[in-house]
Amino acid sequence: MPYTDSIFLKRFNHRYTSKSTSRELYQTLGVTEDCEDEALRLAFVYLAKRFHPDSGTPEADAVRFSEIENAYREIRKIRNAQNDKQVLPDVEEFDIKHTAPQHRHYLTFDVGIGTPSKRQRLHTIQRAQNAVDNVMEHRLKKLQAEERNTLIGMDKQRAKDIKTRYGMDRLVEDLIQEAMNKGEFRDLPGMGKPLNTTSARNPYVDFVTHKLNQILIDNGFTPEWIQLSKEIREETEELKKKLSEKRNDIGELPLTPRDASLWKDNLEKLKISTKQINDKIDKYNLLVPILQKQMLHVQLDKLAEEALSISPLKNVKKYTQTNHKNSNENISQDLLNFISDLFSKKIT
C-alpha cells in the first residue's frame, strides 16, 4: 500500500472513531448491542474475510475494512472498560469434596461463557463458521490440485524433481571425491582382490534356506518350474513339427473330402499330446514365482489353422515325380513306336 493511502486511512479512522456513536459501531459490524463477545468476534472475522484488501474477493475494499476494524476495536475497548468498572460479589466457598460436581452440564458446549443456552447458541454459531471455513479451504485445495494437474504445474513439479535429484547426485559425488582426496579409501580390507560373491545373500531369506539353496545350486540343481518350462517349449515345437508333417500329406486348400477327413483324424490323434502339454502348463503356473512368467494353454485349433495356411511341401515332390513318370512313359512309348515302325519297314 502506498504511503499516501496509509496517511489517508489513518486520518479517516481518527475522524470516524471520534464522531461515531456506540450504536453506529454495532451497526457497522451488523450485530446488536447486547450480543455475546463470541458472536461479536465471529461477525468481525466474517466481515474481515469479505472486505480485506488481500482476500481476493469481489467485495475487497480497504476503506470498508478499515471501518470494520476500527468499529470492532472501539467496541472491545468499551466492553473492557465496562467490565473493569463492575465489582464482582464475594463468592461463598463450599466444601464439595464429598458431593457431586454441579458444573458438569457446562462441559456439553465448550464455547464462551454464560448459561448452557447461551453456550449452545455460541456453539451453533461456531460450528457454522467452521463449516464455512472448511468449505473455503476445500475449494482452495481443489484449485491448487487442478493447477498441479495442468501441463504447467506438471512441468514445474518435474523440473523441481530433476533439480532435486541432480542436486543430491552432485552432493554425493562431491562427498566421494572429497573422501578420495583425503585418502579415506586407501588400505581398505580386500583391496585388489576379487569380490566374494558367495557371501552376498538375500536379506529377506533366513540363513538355513539360503544355505540349502546354495548347496542345490552348487550341485547343478534346477528348479522344477524351469525344467517344466523347457519341456513345454520342446513339446510345443514337436507338436508344431507333427502338424507340418501331417499338412504335407494332404493337398492344397480348399481340401477335398478325403483330405479333410484325413486332417481331422490326425488332429484327433494329436489331442492327447496337446492335453499333456496343457497339464504341464497348469503345473508350471502353480510353481512359477513370477506372475509375468505364467503361460497360456496350447490351442490345437489355432496351431492347425496356422499349419493349413502354409502350402504343403510334399505336393511339389509329387508333382515333380508325376512329371518324371509321365516323361518316362512318353519316352518308352516313343521308343516302342520307333521299334515297331522299324520292324515293319524291315518286313516290307
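Reading the values: rules and limits
Residues numbered from 1 in each chain as written. Predicted model: local features only at pLDDT ≥ 70, side-chain atom pairs only at ≥ 80, totals over all residues. Heavy atoms only, no water. Helix = DSSP H or I, 4+ residues; strand = E, 2+ residues; numbered from the N terminus. Buried < 20%, exposed > 50% of the residue type's maximum accessible area, 1.4 Å probe, protein only. Contact = heavy atoms within 4.5 Å. Expected span 1.5 Å × (residues − 1). Core = buried A, V, L, I, M, F, W, Y, C linked by side-chain atoms within 4.5 Å. Salt bridge = Lys/Arg side-chain N within 4 Å of Asp/Glu carboxyl O.

Under the annotation held in an unreviewed UniProt entry, the protein carries the name DnaJ-like protein subfamily C member 28 and is attributed to Harpegnathos saltator.

Draft legend 1. Local environment of the overall build of the protein. Each helix and strand in the protein was counted, giving 11 helices and zero strands. Along the protein, helices and strands appear, N-terminal first, in the series α-α-α-α-α-α-α-α-α-α-α. The buried share among the 348 residues of the protein stands at 19%. Pairs at least 24 residues apart make up 58% of the contacts formed inside the protein by residues separated by at least 6 positions.

Draft legend 2. Layout of helix H7 (residues 207–218). Under the 1.5 Å per step criterion, the end-to-end length of H7 is 16 Å for 12 residues, consistent within 8% with the ideal 16 Å. Gly-220 lies just past H7 and shows a positive phi near 75°.

Draft legend 3. The nonpolar core, seen in detail. Counting 18 residues, the largest nonpolar core has Leu-239, Leu-243, Trp-263, Leu-267, Ile-277, Val-298 and Leu-300 as its most contacted members. For this core, the secondary-structure elements that each account for two or more residues are helix H8 (224–248), helix H9 (257–287) and helix H10 (300–308). With six residues, H9 is the largest single contributor of residues to this core. Not counting residues up to four positions away in its chain, the partners in contact with Val-298 are Thr-236, Leu-239, Thr-274, Ile-277, Asn-278, Ile-281 and Leu-303. With 17 residues, the next largest nonpolar core counts Tyr-26, Ala-43, Leu-47 and Phe-51 among its residues.

Draft legend 4. Quick peek at the pattern of salt bridges. Across all of its chains, the model carries 17 salt bridges by this definition. The partner of Glu-137 in a salt bridge is Lys-141, with the nearest N and O atoms 3.5 Å apart. A residue pair is termed a helical-turn pair when its members lie 3 or 4 positions apart in one helix, as Glu-137 and Lys-141 do in helix H5 (residues 116–149) at four residues. Between Lys-280 and Glu-231 there is a salt bridge, and its shortest N-O distance comes to 3.2 Å.

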